[in-house]
Every structure is written in structure tokens, then in C-alpha cells.
Amino acid sequence: MNARPNGLIIAIDGPSGAGKSTIARLLAKRLGYLQIDTGAMYRAVAFLVSQAGIDPGDSAAVERLCNSADIRLDSSNCPHRVFANGRDVTELIRTPEMSLMTSRISALRPVRESMMMLQRRMGRDGGVVLEGRDIGTAVFPDAELKFFLFASPEERGKRRFAELVGNGERVTLEETIEAVTRRDRQDSQRDLAPLRQAEDAIPVDSSLIGIDEVVKEMEEIAREKIHQTGITK
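Let us look at the structure shown here. (Residues numbered from 1 in each chain as written. Predicted model: local features only at pLDDT ≥ 70, side-chain atom pairs only at ≥ 80, totals over all residues. Heavy atoms only, no water.)

### Some remarks on the pairing of strand β1 (residues 9-13)
- Of all 5 residues in β1, 5 are buried; the element is thus mostly enclosed.
- In β1, alternate side chains face the same way, and those of I9, A11 and D13 on one face and I10 and I12 on the other are all buried.
- Taken together, the 5 bridges between β1 and strand β6 (residues 128-132) define a ladder with parallel strand orientation. Paired with I9 across the bridge in β6 is V128.
- The pairing of β1 with strand β7 (residues 145-150) spans 4 bridges and is parallel. Each bridged residue has a counterpart across the sheet, and for D13 the counterpart in β7 is F148. (Buried < 20%, exposed > 50% of the residue type's maximum accessible area, 1.4 Å probe, protein only. Helix = DSSP H or I, 4+ residues; strand = E, 2+ residues; numbered from the N terminus. Pairing = 2+ DSSP bridges.)

What follows is the structure, given as C-alpha cells:
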């Protein structure tokens, strides 16, 4: 195994609401790695598409937007901030509408190619934790360590419902579970880079265990992999 200069590339894939962003952030912090929130990057593009009034079916218009978009992640503070063309959109990209829009636009080739190039530049030297739906299958199929994090749609719907209500959204639990299920269907059935578990990914079910337990399990596996590579950075 060829060691990257800054450490491992750790990929965490899985469906919406499985806790990937939170777990990736905590794991990165424990390892001293950089977290690259790829889901937030796609949400930021979806926000720009929505704000510009672009029809997601207009591939040429979406491509032009991607070519000029400036998506930036700021991990200097907690929670991490997301900027789209200089605007802080951290909270604006977490609505149910943006979740569904993200699933639509992330299946478009211009969007995926643009974001994939950016993600590869950000993570190529290692020392990073990336989470998404196709990190271990498409973005970094050569990642040294891959996890597939999942939970039942009902459990993910409950978590999402609590988050939305806490943010002042007026939704029902039934609507939220249905939105999660619909998002799963969209993500797994799309033609380009569908959601699936990489053959060499380690499955982790977060339905019945807490975040701390998940992170601890992943950290132990990661440190053993780091030891195997002989990377001390």
C-alpha cells in the first residue's frame, strides 16, 4: 500500500439521515484529520440552482452554474460553515425542500463531475474523512478505508423529524419518514453514481447504537489501518 503524505483517505457512505456528517466530523477530530462534507457541497449547489430559478432538467444551465459556482467549506469553527458564492448557507441548505432538490441535481452529470473534481483535489493527499453516497465507489474507489453507515428509514425519519422541529420547521413524523424513504429511492435508482455499498466497505448499523459507540468502533478500525500503513502523521 502506497502511503499518502498526510494519512488515510477514509470514506463514509450511506443513506440520508444515517448520521454520516456528525460521525465523520467526530472521527476526523479524533484522528486529527480534515472532514470534507461532500453532502453539504451538493446541497450548496442545489441551493444555487433553486435561487437562480434554474430547471434541474436544463442540463446546460446547470453546467454553466457549476462552472462559475464557488463552493467553500470552513472547518475552522464548530459547527462547520458552508459558503456558496460567498454567502453562508449552512442553515439554508438543511430544509426538506433542499434535501429533495439535492437528490435531483446530484444525479446530473455536470454537477457530479464538478463536485468530484473538487473533492478529489481536496482529499488526494490523505488525512481526510469524506462522507456521502458514492465516495468509496466513485470519488475515491482507492480509499484506504471505507465504511457504509446505515439505519432503518423509521429511525432516520425520527432523527430528521427531531432536527427539523428543533429548527422551527412545521412537519409531521409521517411526512418526514416518507421524505426519507423517497430520498432513498431517488438515490438508489439514479443512473449516475447510485447509492450502493462498496464491496470492500465495512457495514455499520447505527439504528440501535449511539453516535459515540459508532465513532469508537470506526476509530479503532482506523487506528489499526493507520498502524498497518506505518503513517504517524
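### Overview of the sheet that holds β7
- Pairing in this open sheet of 5 strands is parallel, and the strands run β2-β6-β1-β7-β8 from one edge to the other. Both outer strands of the open sheet, β2 (34-37) and β8 (202-205), are each paired with one neighbouring strand and no more. The sheet shows a mean angle of 20° between the axes of neighbouring strands, taken without regard to direction.
- Against the sheet, helix α5 (residues 109-123) touches β1, β2 and β6, its axis set at about 160° to β6. (Axes fitted to C-alpha atoms, helices over the stretch in contact; angles between N-to-C directions. Contact = heavy atoms within 4.5 Å.)

### Structural notes on the sheet that holds strand β4 (residues 81-84)
- An order of β3-β4-β5 is seen for the 3 strands of this open sheet, with the pairing classed as antiparallel. Among the strands making up the open sheet, the edge pair consists of β3 (71-74) and β5 (87-88).
- Pairing analysis gives 4 bridges linking β3 to β4, with the strands arranged antiparallel. Along β4, the bridge assignment pairs D74 with R81.
- Contacting β3, β4 and β5, helix α2 (residues 38-52) runs over the sheet at an angle of about 135° to β3.

### Observations concerning the pattern of salt bridges
- With the rule as written, the count across this model stands at 15 salt bridges.
- For E219, the salt bridge is made with R30, and the minimal N-O distance between the two is 3.0 Å. With E219 in helix α9 (residues 211-229) and R30 in helix α1 (residues 20-31), this residue pair connects regions lying 189 residues apart in the sequence.
- The buried category is assigned to E219, whose relative accessible area is 16%.
- With a relative accessible area of 37%, R30 lands in the partly exposed category.
- Among the salt bridges present, the one from R183 reaches D187, with a minimum N-O distance of 3.1 Å. With R183 and D187 both in helix α8 (residues 173-189) and 4 residues apart, the pair spans about one turn of that helix. Each member of the pair, R183 as well as D187, is classed as buried.
- Among the ionic contacts, a cluster of salt bridges with common partners joins R4, D142 and E144. (Salt bridge = Lys/Arg side-chain N within 4 Å of Asp/Glu carboxyl O.)

### Focus: unusual backbone geometry
- Positive phi, normally seen in glycine, also occurs at N85, with a value near 50°.
- Mapped onto the secondary structure, N85 falls in the loop between β4 and β5.

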